[in-house]
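Summary of structural features
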Amino acid sequence: MDSFDAGAGGLLRQPKAVWATAGASVVAFMGIGLVDPILPSIAQGLHATASQVSLLFTSYFLITAVAMLLTGFVSSRIGGRKTLLLGLAFVVVFAGLAGTSGSVGQLVGFRAGWGLGNALFVSTALAVIVGAAAGGSAAAILLYESALGLGMACGPLLGAVLGNVSWRYPFFGTATLMAIGFLCITAFLKEQPRPARKTSVLDPLKALGHGGLASAAVSAFFYNYTFFTVLAFTPFVLDMTPYRSGAVFFAWGVLLAVFSVIVAPRMQARFGSLKVLGGSLVLLAADVLALGYGDHTTAVVCTILSGAFIGVNNTVYTELALGVSDAPRPVASAGYNFVRWFAAAAAPFFAPKIEEWTDIHIPFVVAAVTAVLGALVVLVRRRALTREAAELEPAHATEDGVTVFAN
């Protein structure tokens, strides 16, 4: 039985605390793609342009990136349980306020507060799941990645169903679900042991001084620009009803989940992580080019297909950040995520701007170029990524800390 099967065997035998945290994680990840199918409806309802509405992603991920420097500082002082509850409280308040917005400026501001809450929650959830899970870290990480895939798949679906009535309802729905998650964690999750050493705000930045971690972060930065061009800009290109757009991104999310949890580990075992990552990035570049230049049917197919490449990339990048440096895993993860989430903030802002300056095809050309740049970083820095990870693997094998996987 391989490691995947072993992890899957222990997946369902978990205490209530783990299921409560994993369930809230699903909803947290739903929040990333929730607005996808209703972006055109929001633009119409608030009399906003595509570039203005895309700021919903930019404000969300810009705050998320900066907050990555704070999450370890907070959780190492107040504990994992209180950090989760604080993050959930922020999401409940700001998601609810987002549904009451009277202008796109208000909505963008509320999404920023939502991003802060999501950063606090997501950055702590995996560590809490591993600490409370039965069956070891393999089953816990598998459960967490399954929650991520399910959330990314269901977010657009929920957005479509509720958004077909009103663009405001998905925000109220998220606030309600996160409030339920807050109550479940309050009831079922006990406080987790605090780290022996308190984390400084500057520790994640210091961790980026490690060549291997910095290389993984820079490559992931370029990749995330491509990822979030697909996620945030494609709905305007498809120009479909919320139901149809939600169905497209639901299928996209299903592929993301399957390839992340099931396919990627098997491909890594056969071909090696860096070959799989480089090849997947090049295929993603080709896919987004076809998306940008194809007809409507081609665009739909390529949007869905991109979920497969994104799922593979997410898993491999997570493992690189997990094992490539000698910094504690939560610290290394915070530094890595600090860099890559800036691309998630940049892509939704620049893609519609590039369309305004040129035409609708060029944003996808730029996205294809950034995917190739990510692959080039992996190629050029492959010795550092491979050698340093191999040297550090025994030390990390006994470490309890875990990385953050938040897309």
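A short tour of the structure in this document, coming up. (Residues numbered from 1 in each chain as written. Predicted model: local features only at pLDDT ≥ 70, side-chain atom pairs only at ≥ 80, totals over all residues. Heavy atoms only, no water.)

Below, the discussion takes up a nonpolar patch on the surface. Judged by side-chain polarity, L157, V161, Y243, F250, V254, V258 and I262 come together as a nonpolar surface patch covering roughly 520 Å² of accessible area. Top contributing element to the nonpolar patch by residue count: helix α12 (residues 242–271), with five residues. Note that V258 resides in helix α12. Accessibility expressed as a relative area gives 33% for V258, which makes it partly exposed. (Patch = residues over 30% accessible without salt bridge, like charges linked within 9 Å, V, L, I, M, F, W, Y side chains within 5 Å. Areas by Shrake-Rupley, 256 points an atom, 1.4 Å probe, with all protein chains shown as cover. Salt bridge = Lys/Arg side-chain N within 4 Å of Asp/Glu carboxyl O. Helix = DSSP H or I, 4+ residues; strand = E, 2+ residues; numbered from the N terminus. Buried < 20%, exposed > 50% of the residue type's maximum accessible area, 1.4 Å probe, protein only.)

In this section: the packing of helix α2 (residues 16–33) against helix α9 (residues 169–188). Contact geometry for α2 and α9: axes closest at 9 Å, N-to-C directions at 160°. Between α2 and α9, the crossing angle belongs to the class labelled roughly antiparallel. Handedness of the α2/α9 crossing: left-handed. Mapping the contact onto sequence places K16, A17, A20, T21, A24, V27, A28 and M30 in α2 and T174, L177, M178, G181, C184, I185 and F188 in α9. (Axes fitted to C-alpha atoms, helices over the stretch in contact; angles between N-to-C directions. Parallel < 35°, antiparallel > 145°, perpendicular 65-115°, else oblique. Left-handed = near helix turned anticlockwise from the far one by under 90°. Contact = heavy atoms within 4.5 Å.)

Let us look at the nonpolar core. Membership of the largest hydrophobic core comes to 116 residues, with the highest contact counts inside it found for I42, F61, F121, F171, I185, F228 and W252. Residue contributions to this core peak at 13 residues, all from helix α11 (residues 211–238). Ignoring any residue separated from it by four or fewer positions in sequence, one finds F61 in contact with I32, F228, W341, A344 and A345. (Core = buried A, V, L, I, M, F, W, Y, C linked by side-chain atoms within 4.5 Å.)

Right, let's get into the packing of aromatic side chains. Scanning the entire structure with this criterion turns up 17 aromatic pairs. Note on Y223 and Y317: the rings are 5.3 Å apart at their centroids and 20° apart in plane angle, and the pair reads as stacked. Within this pair, whereas Y223 is found in helix α11, its partner Y317 is found in helix α14 (residues 296–323), the two being separated by 94 residues in sequence. For the pair formed by Y223 and Y317, the shared burial category is buried. Taken together, the aromatic side chains of Y60, F61, W114, W167, F171, Y223, F227, F228, F249, W252, Y317 and W341 make up a single cluster linked through ring pairs. If you follow R77 out to its NZ or CZ, it ends over the ring of F73, 3.8 Å from the centre. When the ring centre of W114 is taken as reference, the NZ or CZ atom of R111 above it lies at 4.7 Å. (Phe/Tyr/Trp six-rings, centres within 6.5 Å; stacked < 30°, edge-to-face > 60°. Lys NZ or Arg CZ within 6 Å of the ring centre and 35° of its normal.)

So, about the packing of helix α5 (residues 55–78) against helix α6 (residues 80–98). At their nearest, the axes of α5 and α6 sit 7 Å apart, and the two run at 125° to each other. The angle between α5 and α6 places the two elements in the oblique class. Residues V74, S75 and I78 of α5 form the contact with α6, whose participating residues are G80, K82 and T83. Of the residues contributing to the contact of α5 with α6, the split by class is two nonpolar, three polar and one charged. (Nonpolar A, V, L, I, M, F, W, Y, C, P; charged D, E, K, R; others polar.)

With that settled, the discussion passes to unusual backbone geometry. Even without being glycine, D239 reaches a positive phi, approximately 50°. Within the secondary structure, D239 is located in the loop between α11 and α12. Its relative accessible area of 61% is what places D239 among the exposed residues.

A few words now on α2. Here α2 contains 18 residues, and its C-alpha end-to-end distance of 27 Å stays within 8% of the 26 Å for a straight helix at 1.5 Å per residue. Among the 18 residues that make up α2, 15 are buried, leaving the element largely enclosed by the rest of the structure. (Expected span 1.5 Å × (residues − 1).)

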